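One letter stands for each residue in the lines below.
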Amino acid sequence: MRSISVLGATGSVGESAFDLVMRAGGPERFRTIALTGGANVARLAQMARALRAEIAVTAWPQCLAELRAALAGSGIEAAAGPRAVAEAAARPADWTLSAIVGAAGLPPGLEVLNRGGTLALANKETLVAAGPLVMSRARETGARILPVDSEHSAIFQALQGEDLESVEHVTITASGGAFRDWPLERLAQASVAEASRHPNWDMGQRITIDSASMFNKALEVIEAHEFFGLGVERLRVLVHPQSIIHAMVTHRDGGSIAHLGAPDMRHAIGYALNWPARAPLPVPALDLAALGSLTFAQPDEARWPALRLAREAIEAGGAAGAVLNAAKEQALDDFIAGRIRFTDMAPAVEHALALAAREAGFGQSPRDLAEVLHWDGFARRAAAQWQGAA
Ligand code: NDP
Ligand code: MG
């Protein structure tokens, strides 16, 4: 029986994975090693019971008592704290999904790679913050990374049987998020509630706001650069409001292979779960006649400066990914808390990148987790400091 672990099981991607695993037979079909979550311990315990997991871990030490109580009598181990999450990830499993949100996903993701496991990666921050480290660790240990971010799953699928050398460029599509059609001058007044409504995808709040600012696409461009080894000149972003084409690979002979599908994460998660096979999934096939038309537009970088920052971060290399990611997380925290405006997030990230670029060692890619965390802390302080300057 195949063994699996899900990190971030209680989130939006985690729930979709749980749904797929239960539909595929649950504990009759999979041996669940570890499930991890955060504050939602009631749901974590419910999932752990349903899948008869070996261990359930909450990232928050203060939630341990509640988790223990919720698991009483089940025989399922309980643990808490970031270290326990990483230890759970280190337990051997055939397939581990990382669906934690933010840079917190990096340490447990590295544990999966250290043991040479298969890491189904929704947590794009792992590659953005530490791409060279993550990819070289995977090569050293023979670990496999399967992309779960829908665009990267789409590129991965479109590249099956193809030679990366023949790729002229790759196009990642973006819906444009909540503010695609807003007048530019209104953006500064955008509220957290308005930024948290996505036109097509049902996702966690943080990635939904990142879709409105295009920081999600900025992270995805860096993620594609790190994972597929494509230079910035071979990576394009295209606004596609319907979110039906997820990505497209254009070859130097002029042919393009696009990946299409309903905007439902269960496709990309299920593809990674069944890879290299394809199994039936509860995702409806497309009805293009009913859709009628698909539309496209060039992204406007005045509306979405995050796209320029991603390009500049790739060109800068070194610690720029770790800095951009952490500064963005800080700026997003500050926006959600009402400390800065929606349009302040990109300048705060740009400020952090500019300060970091003056530091010794910025040009060198972080070689271990401690170096990533150094730049992560630097970037959060720099981005937080920007509010003072505003
Ligand atoms: P959610 O916020 O819905 O879920 C995040 C999960 O991580 C929850 O289980 C949460 O626990 C847990 N968590 C939160 N903070 C921490 C922490 N500090 N340490 C450990 N665990 C933590 O996020 P999404 O599911 O939307 O996104 C997960 C990842 O997948 C992100 O990297 C996102 O960019 C990526 N992604 C998401 C997509 C989507 O459709 N949602 C699409 C493509 C990529 P709890 O809820 O119990 O507090
Ligand atoms: Mg995506």
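These numbers were taken from a predicted model, which means no experiment stands behind them.

(A) Local environment of the domain arrangement of the protein. Taken as a whole, the protein is organised into domain 1 (2–147) and domain 2 (317–390). Distance between the C-alpha centres of domain 1 and domain 2: 27 Å. Contact with domain 1, which involves 11 residues of that partner, is made by 12 residues of domain 2. With both chains or domains summed, domain 1 and domain 2 bury close to 810 Å², and 69% of this area falls on carbon and sulfur atoms. When residues of domain 1 are sorted by the area they lose upon contact with domain 2, V128, A129 and L133 head the list and together hold 46% of the total. Between the two partners, domain 1 and domain 2, sit zero salt bridges. Taken together, the links from domain 1 to domain 2 amount to one residue pair in polar contact (both at pLDDT 80 or more). Elements that contribute at least two residues to the side of domain 1 that touches domain 2 include exactly helix 5 (106–114) and helix 6 (125–141). Tallying contributions element by element places helix 6 first for the side of domain 1 that touches domain 2, with six residues.

(B) Region of interest: the pairing of strand 5 (residues 95–98). Residues W95 and L97 point to one face of strand 5 and T96 and S98 to the other, with burial holding for every one of them. Sheet topology note: the strand 1 (residues 2–7)/strand 5 ladder contains four bridges and is parallel. Within strand 5, the residue paired with S5 across the bridge is T96. Relative to strand 6 (residues 118–121), strand 5 is paired through three bridges, and the arrangement is parallel. Following the sheet pairing, L97 is matched in strand 6 by A120. Taken together, strand 5, helix 5 and strand 6 constitute a β-α-β crossover, and its handedness is right-handed.

(C) Fine view of the sheet that holds strand 1. In space, the seven strands of this open sheet follow the order 4-3-2-1-5-6-7, with parallel pairing throughout. Edge strands, defined here as strands with exactly one partner in the open sheet, are strand 4 (77–80) and strand 7 (144–147). Strand after strand, the sheet turns through a mean of 20 degrees between neighbouring axes, direction not considered. As paired elements, strand 3 (residues 55–58) and strand 4 share four bridges and run parallel to each other. Within the sheet, the bridge partner assigned to V57 lies in strand 4 and is A79. Strands in contact with helix 4 (residues 82–90) are strand 1, strand 2 (30–37), strand 3 and strand 4; relative to strand 3, the strand with the most contacts, it is inclined by about 150 degrees.

(D) Representation of the site of ligand 1 in the model. Ligand 1 sits among 25 residues. The nearest are T10, S12, G38, A39 and E125. The separation between an oxygen atom of ligand 1 and a polar main-chain atom of A122 is 3.4 Å. E125 has a polar side-chain atom sitting 2.7 Å from an oxygen atom of ligand 1. In isolation ligand 1 exposes 910 Å². Once the protein is present, 85% of that is buried. Looking at the shell around ligand 1 residue by residue, the class counts come to 13 nonpolar, nine polar and three charged.

(E) The arrangement of the sheet that holds strand 9 (residues 235–239) in detail. Strand order across the open sheet formed by four strands is 9-8-10-11, with mixed pairing between neighbours. Because the sheet does not close on itself, it has two edges, and the strands there are strand 9 and strand 11 (256–260). Averaged over all adjacent pairs, the angle separating strand axes in this sheet is 20 degrees, with direction ignored. Along the sheet, helix 7 (residues 150–158) contacts strand 8 (167–174), strand 10 (245–251) and strand 11; its crossing angle with strand 10, the most-contacted strand, is approximately 40 degrees.

(F) Spatial organisation of the side chain of E223. With respect to the helices and strands, E223 occurs in helix 10 (residues 215–228). Despite being buried, E223 has no salt bridge partner; K124 is the closest side chain of opposite charge, sitting 5.0 Å away. Beyond its immediate sequence surroundings of up to four residues, E223 is in contact with K124, L127, V128, D149 and H152.

About the cut-offs
Residues numbered from 1 in each chain as written. Chains lettered and ligands numbered in written order. Predicted model: local features only at pLDDT ≥ 70, side-chain atom pairs only at ≥ 80, totals over all residues. Heavy atoms only, no water. Domains from an automatic or database assignment. Contact = heavy atoms within 4.5 Å. Buried area = accessible area lost by both parts, 1.4 Å probe. Salt bridge = Lys/Arg side-chain N within 4 Å of Asp/Glu carboxyl O. Polar contact = N/O pair within 3.5 Å; in protein donor to acceptor, adjacent residues only side chain to side chain. Helix = DSSP H or I, 4+ residues; strand = E, 2+ residues; numbered from the N terminus. Buried < 20%, exposed > 50% of the residue type's maximum accessible area, 1.4 Å probe, protein only. Pairing = 2+ DSSP bridges. Right-handed = clockwise from strand over helix to strand, strands pointing away. Axes fitted to C-alpha atoms, helices over the stretch in contact; angles between N-to-C directions. Near = heavy atom within 4 Å. Areas by Shrake-Rupley, 256 points an atom, 1.4 Å probe, with all protein chains shown as cover. Nonpolar A, V, L, I, M, F, W, Y, C, P; charged D, E, K, R; others polar. Lys, Arg positive; Asp, Glu negative; His and termini not counted.

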